[in-house]
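As a plain string of letters, each chain reads:
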Number of protein chains: 4
Amino acid sequence: MKSQHENKAPRNWQMKLHEIIYESEKPEGKAFDIALLACILISILVVVLDSVDHLHQLYGRLFSVMEWFFTIVFTIEYILRLICIRKPYKYIFSGFGIIDLLAIIPSYLSIVFAGAQSLLVFRALRLLRVFRIFRLVHFLSEMRFLSVALLNSLRKISIFILFVLTIVTILGSIIYLVEGPEHGFTSIPQSIYWAIVTITTVGYGDVAPATPLGKFIASFIMLLGYGIIAVPTGIVTTEMALAVKSKRQDNRACPSCGKEGHEHDASFCKFCGAKL
Amino acid sequence: MKSQHENKAPRNWQMKLHEIIYESEKPEGKAFDIALLACILISILVVVLDSVDHLHQLYGRLFSVMEWFFTIVFTIEYILRLICIRKPYKYIFSGFGIIDLLAIIPSYLSIVFAGAQSLLVFRALRLLRVFRIFRLVHFLSEMRFLSVALLNSLRKISIFILFVLTIVTILGSIIYLVEGPEHGFTSIPQSIYWAIVTITTVGYGDVAPATPLGKFIASFIMLLGYGIIAVPTGIVTTEMALAVKSKRQDNRACPSCGKEGHEHDASFCKFCGAKL
Amino acid sequence: MKSQHENKAPRNWQMKLHEIIYESEKPEGKAFDIALLACILISILVVVLDSVDHLHQLYGRLFSVMEWFFTIVFTIEYILRLICIRKPYKYIFSGFGIIDLLAIIPSYLSIVFAGAQSLLVFRALRLLRVFRIFRLVHFLSEMRFLSVALLNSLRKISIFILFVLTIVTILGSIIYLVEGPEHGFTSIPQSIYWAIVTITTVGYGDVAPATPLGKFIASFIMLLGYGIIAVPTGIVTTEMALAVKSKRQDNRACPSCGKEGHEHDASFCKFCGAKL
Amino acid sequence: MKSQHENKAPRNWQMKLHEIIYESEKPEGKAFDIALLACILISILVVVLDSVDHLHQLYGRLFSVMEWFFTIVFTIEYILRLICIRKPYKYIFSGFGIIDLLAIIPSYLSIVFAGAQSLLVFRALRLLRVFRIFRLVHFLSEMRFLSVALLNSLRKISIFILFVLTIVTILGSIIYLVEGPEHGFTSIPQSIYWAIVTITTVGYGDVAPATPLGKFIASFIMLLGYGIIAVPTGIVTTEMALAVKSKRQDNRACPSCGKEGHEHDASFCKFCGAKL
């Protein structure tokens, strides 16, 4: 009842606009979302390509024109969002609201405070727009499924990361003592950086142990990192398995035999055949 | 009934040929497939070895002769496939049909349009033949099992990849601002490339951060990549577990309502409550 | 009864102190733990930053003052721990007790035995303090859950590591014979180090095969390492799944035989057949 | 009956020896195995250390003496194995029998055919002795558990490896066409080697793409390799879960209610309470 009343309250054109901009069920809404997504991707592509030197020389003017075009488009979109929603502040202070604002402010600021370097910063921020695309898939059950599993395992994962950070701090400072500045381990932070590069099996090779003992410790870190990757994987997998199970199974108890564990599509007890 | 009728329709020698070429149940069919596989592998080996400079000097002539031999063999095979099947266009426009054609055209084209570079392209295409080997294992339940699990997790995986691409775009452009061209991060695309190299824990080291802040961001990307590998793994593992379960679930049909998909421990139909 | 008696035995102020220092339930206990954690992290940060050359030049004096401050703080904490516990030796010889001692001794020793290098060693040891933070999360069920799963899979994992070590020893010495000292494989230990770098997919690139045969063997090691990572992951995941299951299993005791560990869907004791 | 008879057949001292050498149940047997393991590890250590140049200069004589000592020890062991077993040829042609022989032959051959290089080969072979250690753990249920899970997933894994090899062959030759010899991709085999280095996320960096298109393809390979690692992991994990399940559960059906899925320690039906 209540939600229905809310939908009636605003004027008709507002409702229409709200449906188009905020919802994806109706064809217009879907079309709007896809068009917006296209704009976001192209605007990012412009920023990215503009950073390539010889492309900037060739199409620099075109790029800046396109940038301004998209800035205006996104500004109009932002204003429309504000006028067609019943509680604008809710949108403004929502995650997407802030991102949307961050995506348009920079260009305007760039007029007042000129300067190549700062401009680039603004451009980088604009890339946050990409996150908008998640709104498109936001309604997919897959998306919800994943986020549920990840949120459940968040606490376990953070313990794991805490453990990894402790390990790399200790091993980093040990390797720093063993190898020393003459082999590129100029400080403990630098050595911790190396330990992270090693335990995550990235292995740039810009810094590598030279002494036998250093190589022995390095081998230990590698095998450790190679092994403990199993922990986060195990955590997430277990959580996902649980999420799947709970999705496929309700815990209705059979009224006659009282047994549980019936599938979500079961309308009769599979043990005694009584009606659920 | 119908399928039986179809098998009767074509002439005998066509049926025989069809059995040999398209089926693997009969010994002749198996022999044909293995022989074909051998030809494919050898022809690829020829292309690969021919690309090694000193081997090309020594056996260049032999290689080109063998290439032409295999081209002719595969051409004959292609023609036989066409004449022994009842709906040739179905094969021509099937995945394997196109690949088979792509595997023989190049050599013939290479007569008309000469030129080393182009020739090499043709050779590369010919490598697609390897995919034919999948036809051999296509009937293994394992193969079907794997593809089912992967197809089911496709949607989830694509969300994950979308997420990774967003992350590397943002982090790539941030690192570009932090490190700048003087440390090898010459442009945002280049920096995105570096971010991918880092988040996938490949870590070539051709480009590596030099500033403390850059190294800090790099460490963050590494730990992120080291952690989120758990997500696709979890997805695929869960799907496989489900696939296994459904394989072990009996497909007894309910005698009264005829529905299937009852659990192995079910003694009553969960849909209509009838005794199984 | 007995435990209650033990809690009564010590004097009141000791009990109070014990609650604050050893327990985290009461607000004071929580506050103490968080304050201690902050001290540990800051003291480590001091050690880490002090190792950066130009920071040492600038704030060397400040750092050493802070170090001494924390050393004294941790000494007082250590003494308090001893006087407020009923069986001090139990704490002294416990894992945390030893670490806590190791965290304060070095500074005092550094007065007697001066010398930069040795000092650094002491600092590195002090980093072990970080492990204290685990006491904070020690009571989290997540922590217990993880440790249970890892302990259960310890035996399987160790077999796996034994296998990996065997593989790298054999492949390392084979690659040593194939590549030889002229390509950087100066000795078998060095080659084993390279094999570990490769099988764990770290791949520094400081040593890399140059001969075709060497590259072939390297490719084999890579694919092997890429594949067998599945083993520890599978082990840990399975153990975690079991741990989750046993956690979700109710611990109803049978009214007649008193045994526990019945499944959640059990309505009769599986040991004596009595109604649960 | 029969096995008992077999145990009676040989002479007493043979039976005793057999118990010591081939079995690990009795204390003597355990002691023998541990002593043998120690010998193996030390003999390998000698080979490894002897390959380090300056250690060879210092202790070369000592090492060669130790080598001969262990060679004689292992020879005696080999002879004892032959005389105390009832069907010697069975041992000779068993996996361990061949390895044991390979572990001693080289030293003797090295007398006849001298030469540093060849000697090294013999030493490398001797490293195979390490595999003996698996005999120690062979009886652990963990070992059996792991091997069962891996054997079951062997077929699936091999399909996966076949797939990976196909991918790297195609992508390798494509990158060869894109980058060409001037950027280190001197031939298709070399490019395939690079593709393996990349898809397994090892990333030495000895060869790295230089052109934008090459970097794009490289990024694709990295993300592919980062993603498909999930496949073998999922396979092994699923198999292990099944192995665990079958270990923890028998499929006895309840005589009164006919339901299955009772735990291995259940002596009464958990559904109806009837005796199993």
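Residues numbered from 1 in each chain as written. Chains lettered and ligands numbered in written order. Predicted model: local features only at pLDDT ≥ 70, side-chain atom pairs only at ≥ 80, totals over all residues. Heavy atoms only, no water.

Per an unreviewed UniProt entry, the recorded name for chain A is Voltage-gated potassium channel, and the organism is Pseudobacter ginsenosidimutans. Chain A has a UniProt comment under Subcellular location (unreviewed entry) that states "Membrane". (UniProt positions renumbered as here; feature names shortened; annotations may be inferred.)

Caption draft 1: Spotlight on the side chain of C:T198. Take C:T198: it is sitting in helix α11 (residues 188-199). Ignoring sequence-local partners within four residues, the contact set of C:T198 consists of C:A218, C:I221, C:M222, D:V202 and D:Y204. (Helix = DSSP H or I, 4+ residues; strand = E, 2+ residues; numbered from the N terminus. Contact = heavy atoms within 4.5 Å.)

Caption draft 2: Representation of the packing of aromatic side chains in the model. Taken as a whole, this structure holds 24 aromatic pairs over all chains when the rule is applied. Measuring from ring centre to ring centre gives 6.3 Å for A:F70 and A:F74, while their planes differ by 25 degrees; the resulting arrangement is stacked. One end of the pair is A:F70 and the other is A:F74, both in helix α4 (residues 53-84) and four residues apart, which spans about a single turn. Neither residue differs from the other here; A:F70 and A:F74 are each classed as buried. Judged by centre distance (5.7 Å) and plane angle (50 degrees), the ring pair of B:Y78 and B:Y91 falls under tilted. Of the two residues, B:Y78 is situated in helix α4 (residues 53-84) and B:Y91 in helix α5 (residues 88-92); the sequence distance between them amounts to 13 residues. Accessibility expressed as a relative area gives 5% for B:Y91, which makes it buried. By way of ring pairs, the aromatic residues A:F69, A:F70 and A:F74 are connected into one cluster. (Phe/Tyr/Trp six-rings, centres within 6.5 Å; stacked < 30°, edge-to-face > 60°. Buried < 20%, exposed > 50% of the residue type's maximum accessible area, 1.4 Å probe, protein only.)

Caption draft 3: Looking closely at the interface of chain B and chain D. Contacts between the two partners involve 46 residues from chain B and, on the opposite side, 42 residues from chain D. Together chain B and chain D conceal approximately 4,000 Å² of surface at their shared face, both sides included; 76% is due to carbon and sulfur atoms. Our count for the chain B to chain D interface comes out at zero salt bridges. Summed over the shared surface of chain B and chain D, the number is six residue pairs in polar contact (both at pLDDT 80 or more). Elements with a minimum of two residues in the side of chain B that touches chain D: α3 (27-50), α7 (116-126), α8 (133-137), α9 (141-179), α10 (188-199), α11 (212-228) and α12 (230-248) of chain B. Split by residue class, the side of chain B that touches chain D holds 34 nonpolar, nine polar and three charged. (Buried area = accessible area lost by both parts, 1.4 Å probe. Salt bridge = Lys/Arg side-chain N within 4 Å of Asp/Glu carboxyl O. Polar contact = N/O pair within 3.5 Å; in protein donor to acceptor, adjacent residues only side chain to side chain. Nonpolar A, V, L, I, M, F, W, Y, C, P; charged D, E, K, R; others polar.)

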